[in-house]
Structures are given as C-alpha cells and as structure tokens.
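Take a look at the letters that make up each chain.
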Amino acid sequence: MRKNIAVLGSTGSIGTQTLDVARKHPELLTVTAIACGSSIELAEKQAREFGVKVAAVYDERACEELRVRLADTDVRVLSGMDGLIEMCSLPEVDIVVTAIGGMIGIRPTIAAISAGKDIALANKETCVTAGHLIIPMAKEKGVRILPVDSEHSAIFQALQGRADSKIRRILLTASGGPFRGKHREELMHVTAKEALAHPTWAMGPKITIDSATMVNKGLEVIEAKWLFDVDVDQIEVVIQPQSLIHSAVEYEDGSILAQLGPSDMRIAIQYALTYPTHLPSPAVPLDFRMLKGIDLDVPDNETFRGLPLAIRSIKTGGSMPTAFNASNEWANAIFRRGGISFMQIYDIIEDVMDRHKVIPNPSVEEILAVQEEIDCYCAEKYGR
Ligand code: MG
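Residues numbered from 1 in each chain as written. Predicted model: local features only at pLDDT ≥ 70, side-chain atom pairs only at ≥ 80, totals over all residues. Heavy atoms only, no water.

Novice: Tell me what's going on with the nonpolar core, and back it up with residues and numbers.
Specialist: Formed by 124 residues in total, the largest nonpolar core has its most connected members in Val31, Met87, Ile145, Leu273 and Phe342. The greatest single-element share of this core, amounting to 8 residues, is contributed by helix α14 (residues 320-336). For this core, the two domains that each supply at least three residues are domain 1 (3-147) and domain 2 (317-384). Filtering out sequence-adjacent residues up to four positions away, Val31 remains in contact with Ile5, Val7, Leu19, Ala22, Phe50 and Val52. (Core = buried A, V, L, I, M, F, W, Y, C linked by side-chain atoms within 4.5 Å. Buried < 20%, exposed > 50% of the residue type's maximum accessible area, 1.4 Å probe, protein only. Helix = DSSP H or I, 4+ residues; strand = E, 2+ residues; numbered from the N terminus. Domains from an automatic or database assignment. Contact = heavy atoms within 4.5 Å.)

Novice: Lay out the coordination of the magnesium ion in plain terms, naming residues and giving numbers.
Specialist: Protein-derived coordination of the magnesium ion comes from Asp149 (OD), Glu151 (OE) and Glu220 (OE), at a distance range of 2.1 to 2.3 Å. Taken in chain order, the donor set of the magnesium ion reads D-x1-E-x68-E. On the basis of relative accessible area, Asp149 is assigned to the buried category, the value being 10%. We classify Glu151 as buried; its relative accessible area is 7%. (Donors = N, O, S within 2.8 Å, 3.2 Å for Na, K, Ca; no water.)

Novice: Just give me the short version of the side chain of Gln240, but keep the residues and values in it.
Specialist: Its location among the elements puts Gln240 in the loop between β9 (235-239) and β10 (245-251). With a relative accessible area of 1%, Gln240 lands in the buried category. A distance of 2.7 Å separates the side chain of Gln240 from the backbone nitrogen of Leu244, its partner in a polar contact. With sequence-adjacent residues up to four places away left out, Gln240 is seen in contact with Thr173, Ala174, Ser175, Ile245, Ile294, Asp295 and Leu296. (Polar contact = N/O pair within 3.5 Å; in protein donor to acceptor, adjacent residues only side chain to side chain.)

Novice: Give me the lowdown on the packing of aromatic side chains, citing residues and values where you can.
Specialist: Tallying each qualifying case throughout the model produces 6 aromatic pairs. With centroids separated by 6.1 Å and ring planes inclined at 65°, the aromatic side chains of Phe156 and Tyr271 adopt a geometry described as edge-to-face. Taken together, the residues Phe156 in helix α7 (residues 150-158) and Tyr271 in helix α12 (residues 265-274) connect sequence positions 115 residues apart. Geometrically, the ring pair formed by Tyr271 and Tyr275 is edge-to-face, given 5.8 Å between the ring centres and 85° between the ring planes. Each of the two residues, Tyr271 as well as Tyr275, counts as buried. A network of ring pairs unites the aromatic residues Phe179, Phe335, Phe342 and Tyr346 as a single cluster. Against the face of Trp226 rests Lys225, its NZ or CZ located 4.7 Å from the ring centre. (Phe/Tyr/Trp six-rings, centres within 6.5 Å; stacked < 30°, edge-to-face > 60°. Lys NZ or Arg CZ within 6 Å of the ring centre and 35° of its normal.)

Novice: Go over the environment of Glu64 with me, naming the residues and quoting the values.
Specialist: Inspection of the secondary structure assignment puts Glu64 in helix α3 (residues 60-69). Looking at Glu64, the relative accessible area reads 42%, which means it is partly exposed. Separated by 16 residues in sequence, Glu64 and Arg48 have C-alpha atoms that sit 17 Å apart.

Novice: Provide a residue-level description of the domain arrangement of the protein, including the pertinent values.
Specialist: For an interface, size is often stated in terms of accessible area lost upon the parts coming together. Entries for the protein in the domain assignment read domain 1 (3-147) and domain 2 (317-384). Here the C-alpha centre of domain 2 lies 26 Å away from the C-alpha centre of domain 1. The partner domain 2 presents 12 residues to the 11 residues of domain 1 that form the contact. Of the roughly 930 Å² buried between domain 1 and domain 2, counting both surfaces, carbon and sulfur atoms make up 67%. Looking at the side of domain 1 facing domain 2, the largest losses of area belong to Met103, Arg107 and His132, adding up to 48% of the total buried there. Where domain 1 meets domain 2, there are 1 salt bridge. Residue Glu365 is joined to Arg107 by a salt bridge in which the shortest nitrogen-to-oxygen separation is 3.9 Å. Linking domain 1 with domain 2 are 1 residue pair in polar contact (both at pLDDT 80 or more), by the criterion used here. (Buried area = accessible area lost by both parts, 1.4 Å probe. Salt bridge = Lys/Arg side-chain N within 4 Å of Asp/Glu carboxyl O.)

Novice: Please provide a residue-by-residue account of unusual backbone geometry, values included.
Specialist: Here the bond from Tyr275 into Pro276 is cis, since omega is 5°, no more than 30 degrees from zero. The phi dihedral of Met214 is positive, around 75°, even though this residue is not glycine. You can see Met214 is positioned in the loop between α10 (205-213) and α11 (215-228). For Ser243, which is not glycine, the phi dihedral falls at a positive 50°. One can find Ser243 in the loop between β9 and β10.

This is the structure in structure tokens:
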C-alpha cells in the first residue's frame, strides 16, 4: 500500500538515508513533506526531486531564502516550530519520520501522534525525555511507533509474531565506539577528531561523540524501556565491536533471537516504512566470507560512564532523564568545539544530575523548561 511520508530532518544523516529508501521504492513511498533546520540548499534539491507539497524550515531567515528559491514551484514553504508541527500533521501524511536531532523534535512528534500519524522514530530525545507521555498517547490514538534506531529495529524484528511470549532480557548491542579498550589516562587527551572516527557506523557528529562516550547506548536503554515496555534491569548491554548483531531478545525458555545484517541504517529505516514486509533495500548485503568473526564483550562502565549515568537517570525517573540528556547535549557540543576534555563530559553530566530537582511525571512544558534551565546553568558555569 502506498504511503505518504513526512521527513522531519530531511537534510541530516537519517533524513538523507530515508530519501534513499524512498528513491528505491517510488511505487510505495511518496515524500509529501520535508523539514530541515537551515540547510536550504539541500532542502531545495530534495523538494524539487521529490515534488513535495510542503517544505518546512526551522530557521526563519533560511526559510525566507528557500521561499525565494522555490518561487517557481507549487511547494508550500513553512517556517519555525509552527511550520514543523504543521508539516507533521498534514491530512495526507500517513507516517512521519522523526529524523531531526535533539529536543526540537518533541513538539512536532507529539503533534504528529495527536494527528494520528504513525511514527518512524529516529529522534531519541522524544522517547528519553517524554516516553511517559508519548507511549500512552500513541496507544490511545492507535498510532504505531516504529523504531528506526538499528538496535531497536532489531529488537522489534525479533519480537514479531511472538506476542504471547514473555521476554526475559533484551540484549542491546553496542560497538563500543572508537575508544573501546582505552583507559582513563589515555582518554584524557583524545580529541573530537579522534572521537568522530567511528569504526562501523557513518552517523552525524553529535551521535558519533555520544557513541564514543556510551551516552548513546544509555539513551538507547531508556528508549528500549519505553518502546518495549520492559524494566531497565531486563536490558543488558553487550559489546559487539563489528556491529553485525544489531540486538537480540531472550525469551523465557532461553531462546535468543537476534537480528544481524550490514551496518546500514537504511535497512532499519526501510523496515519502519514498509513494516511488516522485508523488501529489497539499497544496502549492500553482508558477505560472510569476509567476516573474521563475531566478538562479544561486556561494557567498561567504570571508564565510559555514559551508560551507568543514563541508567541512574531512568531509575530516578521524572525529569531526571531530561537532565541527563540536556547536560549531555551541552557537554557533547563543548567537547566538539575543543572546550573540554573527553572525560569532563561525564563530570558535567554528573554535576547537572546531582543538582537537579526532579519533577515527577513532567509535562512537555516542564520538560522544555528543565532543558532551558540546564542550558542556562551550563552556559554560565561551563561557558559558551
Ligand atoms: Mg543505535
């Protein structure tokens, strides 16, 4: 069945890969709307290629420029947060790919769910900070939340057709990032450039640093807890350096079902868009003759504290995951600018979490207020 898709964050890593999938299946997927932050040059190209109805730009000035550039077309150009919300709620849209990074994705995602759109969820922050709001809301609206993160897609795939079976554990795999095996002392002087050289996945810069710190895995544990309705203690992180096993589910009888495949996000994106069918994808298939082996290891939580800090945040609950996420966004950005050392990322997160006064069951407004408060605190204490 043909689907009209809206791609929130069409010019980023997940967004451009989503469009690759759409190119592969023009008979199934129509790109109806796109939205970006400010990369209008690419947005213009995308709007023309796919003949979209709506293009939204978060940055108002960039939006004006896109409006001028697309003046010869019928594309409706929308701006700001209202524009993002409107493009996600268009009557003709069936599914929204939330590929935009950061807290900016929360309001549009919630708007899309209220409008009854299925969600191909790539924006972790929404689930991490507002899982307690969006999961019940999706249930109430009869909206499907289809995971796009490779690990969550793997878990989702391993759950298909086993509705009455009880899960014992979710085995969430992690590559361990570029610094796996390094000790504290060695990590004191690593640079953002080194952290950005991810061994197996090609991703945006923010998430690549999060992968090096294991914060990304922490966010994914929280995401998995909400998406699959399991206790945090049922989620075990396993290091799998080759990124071949994308995650697994262990059932009560001891059976473990894993999903394996090439490290290509387009498989997970496509499955979310063509669920429940596996179709030919743009990914190059795995060549088993080239594989040296599949290694497994346990995470080093003493050195890479991103994971234990995330678990502490979700066990505390309320607004604490927002504090974890917001402080990390700051620390991640300062590290990328060369302002702090790699290990200081954890110190900033811990400092913010230690000081945070938890709001139980926060509303979207309260979540965004906590984010802002932490932004102010970090700006003052750690500098811009
Ligand atoms: Mg992932």
